[in-house]
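Each chain, written out:
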Amino acid sequence: MDPGLITGLYEEVSGLPTPVSARVKEEQLPEVRIYTVDVEWSQRDLVRGSRLFYSQQWTLITDSNNHKSIRAVLTPGPCVPVSGELLSGLSPLQGLRAVVMEIAGHQLLEIWDQHGIWKCLNLTALNKHGRVYHDAQFGCLSWSECENKLLYLAEKSKNTSMETQDRSVYCEDWGEGLTNKSAPVICVVNLQSGSISVLQGVPTDVSPGQALWAPDSQSVIFVGWYHKPFRLGLRFCSNRRSALFKLDLDGNCECLTGDNLSVSCPRMSPDKSTLIYLQGQVFGPHSQCLSLQQLDLKSGKTSTLLDVVNRPQPGEFAGLYEALARCCWSADSQRVVFSSACRNWKSLFLVDRSTNKVTSLSDNPSFLPPPPPPPPPPPPLPLHLHHQGHQREQKDLSDLSKLYGSWKLLTVQKDLMVVCCSSPNTPPTLRVGFLPLAGEAVTWHTLQKPLMTFDFHWTVLDVTPPPEEDNTHYSGLDFGAVLVKPSHPLHEAKTPLVVFIHGGPHSQFPAEWNITAAGLTKLGFAVLMVNYRGSTGFGQDSILSLIGQIGSQDVKDVQAAVLTALRMDITLDPKRLAVIGGSHGGFLSCHLVGQYPDFYRVCAARNPVINAATLLGTSDIVDWRYSSVGFQYSYDLIPTAEALAAMLESSPITHAAQIKAPVLLMLGARDRRVSPHQGLELYKVLKSRESPVRLLWFPEDGHSLSRVDTQADCFLNTVLWLQQHL
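Only a predicted model underlies this, so the values are computations on that prediction, with no experimental measurement involved. (Residues numbered from 1 in each chain as written. Predicted model: local features only at pLDDT ≥ 70, side-chain atom pairs only at ≥ 80, totals over all residues. Heavy atoms only, no water.)

## Section: the pairing of strand 8 (residues 106-113)
Then comes step 1: Of the pairings in the sheet, the one linking strand 7 (residues 97-103) to strand 8 comprises 7 bridges and is antiparallel in character. Within the sheet, the bridge partner assigned to Ala98 lies in strand 8 and is Ile111.
Then comes step 2: The antiparallel hairpin formed by strand 7 and strand 8 contains 2 residues in its connecting segment, where Ala104 sits at a positive phi of about 50°.
Then comes step 3: Relative to strand 9 (residues 116-122), strand 8 runs antiparallel, the two sharing 6 bridges. Bridging across to strand 9, Leu109 finds its partner in Leu121.
Then comes step 4: The antiparallel hairpin formed by strand 8 and strand 9 contains 2 residues in its connecting segment. (Pairing = 2+ DSSP bridges. Helix = DSSP H or I, 4+ residues; strand = E, 2+ residues; numbered from the N terminus.)

## A look at the sheet that holds strand 21 (residues 302-306)
Then comes step 1: Overall, antiparallel pairing links the 4 strands, which are arranged 18-19-20-21 in an open sheet. Among the strands making up the open sheet, the edge pair consists of strand 18 (262-268) and strand 21. The sheet shows a mean angle of 30° between the axes of neighbouring strands, direction not considered.
Then comes step 2: Relative to strand 20 (residues 291-296), strand 19 (residues 274-280) runs antiparallel, the two sharing 6 bridges. Considered in strand 20, the bridge of Thr274 is made with Asp296. (Axes fitted to C-alpha atoms, helices over the stretch in contact; angles between N-to-C directions.)

## Regarding the packing of helix 3 (residues 515-522) against helix 11 (residues 708-725)
Then comes step 1: At their nearest, the axes of helix 3 and helix 11 sit 11 Å apart, and the two run at 40° to each other. Here helix 3 is positioned oblique relative to helix 11, judged by the angle of their axes. Note that helix 3 runs across helix 11; the crossing there is right-handed. For the pair helix 3 and helix 11, the contacting residues are Thr516, Gly519 and Leu520 in the first and Phe715, Val719 and Leu722 in the second. (Parallel < 35°, antiparallel > 145°, perpendicular 65-115°, else oblique. Left-handed = near helix turned anticlockwise from the far one by under 90°. Contact = heavy atoms within 4.5 Å.)

## Details of the sheet that holds strand 7
Then comes step 1: Pairing in this open sheet of 4 strands is antiparallel, and the strands run 6-7-8-9 from one edge to the other. The open sheet has two edge strands, strand 6 (85-90) and strand 9, and neither has a second partner. Mean inter-strand twist for the sheet, computed between neighbouring axes without regard to direction, equals 20°.

## Topic: helix 10 (residues 676-688)
Then comes step 1: An ideal rise of 1.5 Å per residue puts 18 Å on 13 residues; helix 10 measures up with 19 Å between its terminal C-alpha atoms.
Then comes step 2: Residues of helix 10 that are buried: Pro676, Gln678, Gly679, Leu680, Leu682, Val685 and Leu686.
Then comes step 3: Where helix 10 is buried, its residues meet helix 6 (584-595), helix 7 (612-615), strand 36 (663-668) and strand 37 (693-698).
Then comes step 4: The first or second residue beyond helix 10 is Glu690, which carries a positive phi of 55°. (Expected span 1.5 Å × (residues − 1). Buried < 20%, exposed > 50% of the residue type's maximum accessible area, 1.4 Å probe, protein only.)

Coordinates in, geometry out; function isn't part of it.
Given below as structure tokens:
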């Protein structure tokens, strides 16, 4: 296929906008109540090679005496570019808008009111601190109750009088995606005087982040990550030792939570009585099922609102795995709304504080009654397809084209929820709905449909491992996958299948819009996205089952899912199978072509782990290198022959001599999590054996290969590689 056609198709599927945040304002008029919904969107622009951000506003009119009944939705306003904005926040009473901007290398704080810009501070020129943090891990912009003060995080100002010999001293940072973020400080702006103060009293062994005002506006609450004896990578890691702290403006600090825990996402209730936050374990799996804790600010007592779900039963809530939206409370401070993985779906949930009961608010089938018993065994497959795993068809899921497989909460304010919904054939869709009364369903309204939907067929699979592949410590676990394919195959009797494996390993492929899967399906491939044991959404037992089993259990699970898909869908071509993935997905892709060399025809891997033993000294998450192979981690751990042998044994490099499939490697030179030398190690092994291999090197990109131009390049080269070798 012509590269220009592939690039044009990728531009079509990748250029569709996605809502990333939302705010709700309410106004009461004599006969109606007005809700204004401001939404910020993100959109890829291949011409500029960057992501553009813009805002758009909707006006909802409801009955005055029944404000949850939407009478009309006015035509939305124009799209307004907001590129250059790093942070923004709306004050709840006066509606003042605070914005941190980046202009010509300077960071500015602007305050806007109904008459235009009211105040502008050049934070760079004031030189009270370094660069403002605007990442999801640390960043915040919080208004005080009196609306005279603003709270944010920034890098600590460097001492310009530093001795010459100290200028080259190594400075730790927080790893992949947080490069140059080392020593955050809490900053307060007094808007009346225009002065900026850096709060003192933060314990010297913690790095503060995710700060918010306490109810009296005379103190702040923040998450503190312990950084001694040294910092470990923080991004995508919910297992870092941390605590909640309360710091008053005079520098007095107290710890609000227990020791040796991981905490995040503090969220204050509208009545200022309760703080909720997520809590998990330290070390072990880098992502995990979390508990939702609630702290009574008056009594200081903590209780569990949602506990860790070890093994969900069919049709039950499967646990909480994801960050909370910044606004997630009901107006009466009695209910909390959140999105989370639930098997092969991402669903929207509500938990009631009075009963601790969880209710699903989305209309996807993530909450279902137990599935029926498996059907009788099918006729035997050819020898090369034989496997004992079976597919468990869920309640009439043969055609899911009109369902949303993913519901992501953007905000809930004034009891109005704003969500982003999507599915494998439906790009991001903006919807709103009011929180229902007990026992009632939500009435959802679509504010913005995608520009287009796609004629894909998709379904979800539940796969049970055969008895010989059951985990004896966590017996009886199953897993899943999402299969997407063209509704009308392109001129061929059978459709080639691309096996797409997520990284993590503790993450998930929900049944949502995925640019890579959509692009491949549009080009005539079927795509199988596998949620092997260890993926989120299947309970904590599933996550723990992978510890000490990487390179074995997860490899067999992917193979079982592929065989299951081939068995249930005879339109898939078992002779034209490809495998692709990034990070741990790349690790598994390389394992599969090594362990099943006659099964897969071609492989494409992004920043894969190839040799866990040689990765040990270069990764920002050295703890996971030990935990993944079943060793307990501690900061003072020194590598042993036993540990290194286990790491090597679990790695794809041990099967490299058996690889027959052509391999495409895509590596980010700035990857702090998986050194690009991992991919180079496999590249050299394959080159020495004259095996077909191609390597793409992206000097400005890191682990996620997230630059817009990089993603376009990777897609084009992956498609051309697949078409050449399938």
